[in-house]
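Listed below are the residues making up each chain.
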Amino acid sequence: MKEEKTTHFGYLEVPVEEKTGLVREVFDSVAGNYDLMNDLMSLGVHRIWKRDFTANSGVRPGDRVLDLAGGTGDIAALLSKKVGANGRVVLSDINEAMLNVGRSRLEDKGIVGNVDYTIANAEQLPFTSGEFDAVTIAFGLRNVTDKDAALCEMFRVLRPGGKLLVLEFSRVQPEPLKAIYDAWSFAALPVLGKLIANDEDSYRYLAESIRKHPAQEELAQMMEDAGFDDVHYRNLTGGIVAIHSGLRN
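About the thresholds
Residues numbered from 1 in each chain as written. Predicted model: local features only at pLDDT ≥ 70, side-chain atom pairs only at ≥ 80, totals over all residues. Heavy atoms only, no water. Phe/Tyr/Trp six-rings, centres within 6.5 Å; stacked < 30°, edge-to-face > 60°. Helix = DSSP H or I, 4+ residues; strand = E, 2+ residues; numbered from the N terminus. Buried < 20%, exposed > 50% of the residue type's maximum accessible area, 1.4 Å probe, protein only. Patch = residues over 30% accessible without salt bridge, like charges linked within 9 Å, V, L, I, M, F, W, Y side chains within 5 Å. Areas by Shrake-Rupley, 256 points an atom, 1.4 Å probe, with all protein chains shown as cover. Salt bridge = Lys/Arg side-chain N within 4 Å of Asp/Glu carboxyl O. Lys, Arg positive; Asp, Glu negative; His and termini not counted. Polar contact = N/O pair within 3.5 Å; in protein donor to acceptor, adjacent residues only side chain to side chain. Contact = heavy atoms within 4.5 Å. Charge placed at Lys NZ, Arg CZ, Asp CG, Glu CD. Pairing = 2+ DSSP bridges. Axes fitted to C-alpha atoms, helices over the stretch in contact; angles between N-to-C directions. Parallel < 35°, antiparallel > 145°, perpendicular 65-115°, else oblique. Left-handed = near helix turned anticlockwise from the far one by under 90°.

What follows deals with the packing of aromatic side chains. Following the criterion strictly, the structure yields five aromatic pairs and no others. Between Trp-49 and Phe-139 the ring centres are 6.2 Å apart and the planes differ by 45 degrees, which places this aromatic pair in the tilted class. Here Phe-139 lies in the loop between β6 (132–138) and α6 (147–157) and Trp-49 lies in helix α3 (residues 46–55), a separation of 90 residues in the sequence. Like Trp-49, the residue Phe-139 is buried in the burial classification. Every member of this aromatic cluster is reached through a ring pair, and the members are Trp-49, Phe-139 and Phe-169.

Turning our eyes to something else, we now look at a nonpolar patch on the surface. Among the surface-exposed residues, Val-191, Leu-195 and Ile-196 lie close enough to one another that they form a single nonpolar patch of about 300 Å² accessible area. Looking at the element boundaries, Ile-196 is found in helix α7 (residues 175–197).

As a further point, take the side chain of Lys-147. Residue position: Lys-147 is located in helix α6. No salt bridge forms around the buried Lys-147; measuring N to O, its nearest opposite-charge neighbour Glu-168 is 8.0 Å away. Within polar-contact distance, the side chain of Lys-147 engages the backbone oxygen of Val-144 at 3.1 Å. With residues near it in sequence (within four places) discarded, Lys-147 still touches His-8, Lys-19, Leu-141, Arg-142, His-213, Pro-214 and Met-222.

Residues Asp-146, Asp-148, Glu-217, Glu-224, Asp-225, Asp-229 and Asp-230 make up a contiguous surface patch of negative charge. Counting residues per element, the ones that place at least two in the negative patch are α9 (216–225) and β8 (229–236). Element by element, the count of residues in the negative patch is highest for α9, at three residues. With respect to the secondary-structure elements, Asp-225 resides in helix α9.

Our focus in this paragraph is the sheet that holds strand β4 (residues 88–93). Pairing between the strands of a sheet comes from backbone hydrogen bonds, and it takes one of two forms, parallel or antiparallel. Spatial strand order, β5-β4-β3-β6-β7-β9-β8: seven strands in an open sheet with mixed pairing. If you trace the sheet from one side to the other, it starts and ends with β5 (115–119) and β8, each paired once. Mean inter-strand twist for the sheet, computed between neighbouring axes without regard to direction, equals 15 degrees. For strand β7 (residues 158–169) and strand β9 (residues 241–247), the ladder comprises seven bridges, and the chain directions are antiparallel. Within β9, the position partnered with Val-166 by the bridge is His-244. With respect to the sheet, α3 is in contact with β6, β7, β8 and β9, its orientation differing from that of β7 by roughly 165 degrees.

Looking now at the packing of α7 against helix α8 (residues 200–212). It is the contact of α7 with α8, at a shortest axis distance of 7 Å, that shows an interaxial angle of 155 degrees. What the angle tells us is that α7 and α8 run roughly antiparallel. For the element pair α7 and α8, the recorded crossing hand is right-handed. Note on element contacts: α8 touches α7 through Glu-200, Tyr-203, Arg-204, Ala-207, Glu-208, Ile-210 and Arg-211, opposite Tyr-181, Asp-182, Ser-185, Phe-186, Leu-189, Pro-190, Gly-193, Lys-194 and Ala-197.

Have a look at this one:
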C-alpha cells in the first residue's frame, strides 16, 4: 500500500490534502474576532510589530505590493499609505471570510483606489512572474501546508530586485520569557478563546501552530533554498516574533 503523506495541524498529524481545509475552518471561525485574537495572543503588541514591519519594509511610492494571508487588512492599510496613489497593494487571503472582513475594514477607513482584493493560495499564486516590487506575509506563513512551495511562488512573482518580507511568530530566546510565554499560550489563551469567542479549539491550534513553525535560522535557510539572496532576520520582543527579509536578484 502507498504510504499516506501527512503534515502537522498544530500538534496533530493529518493527511496533507486535509490541512488547507482544516486551517480554513479555523479562520472561518475566528474571522470576526481576528483582531481580538491577535490582541489576546500578543497583549496588543502585534500593532507595534506591524508598524515596525511596514515602516522598515523599504516599500516606496509607486510600488506594487502583494500582501499574502492579509487577513483583516492591517498590513495592507499601512502599505497603502506607503505606495501612494500611483502604487498598488493587492490584499490576498485563501480564506474568503477573512478577506471580506479586510475589505470592509479598509473601506470603512476610506482606503480605496489603490488596494485590490484576491482570493489566493500562497502555494499557487494567480499572478504573472515578476509582477510585484515586494511581497509581504504577516502571521500567515505558519499556516501554509507547503511552505517551500509558497516561498518559491513568492520568489517567482517578484521582479528582479524585489523583496520578500515575512513577519511571523518565532522562537523566544531568553529562557525566563519563554517560560512565561508558554504558560500564557497553552494555559491562558485557549481559556480566553472559549470565554470571549466561544472557540477554545481554534485558539489552541493557533498556539500550537507557532511551536511547529520553523525557527529563525531554519526559515532563513528555507528562503535561501527558494532562491532568495541577502536573507536576514531581526527578532522583536525577545524572539516572540521575527522579521525575515530576502531579495530576488
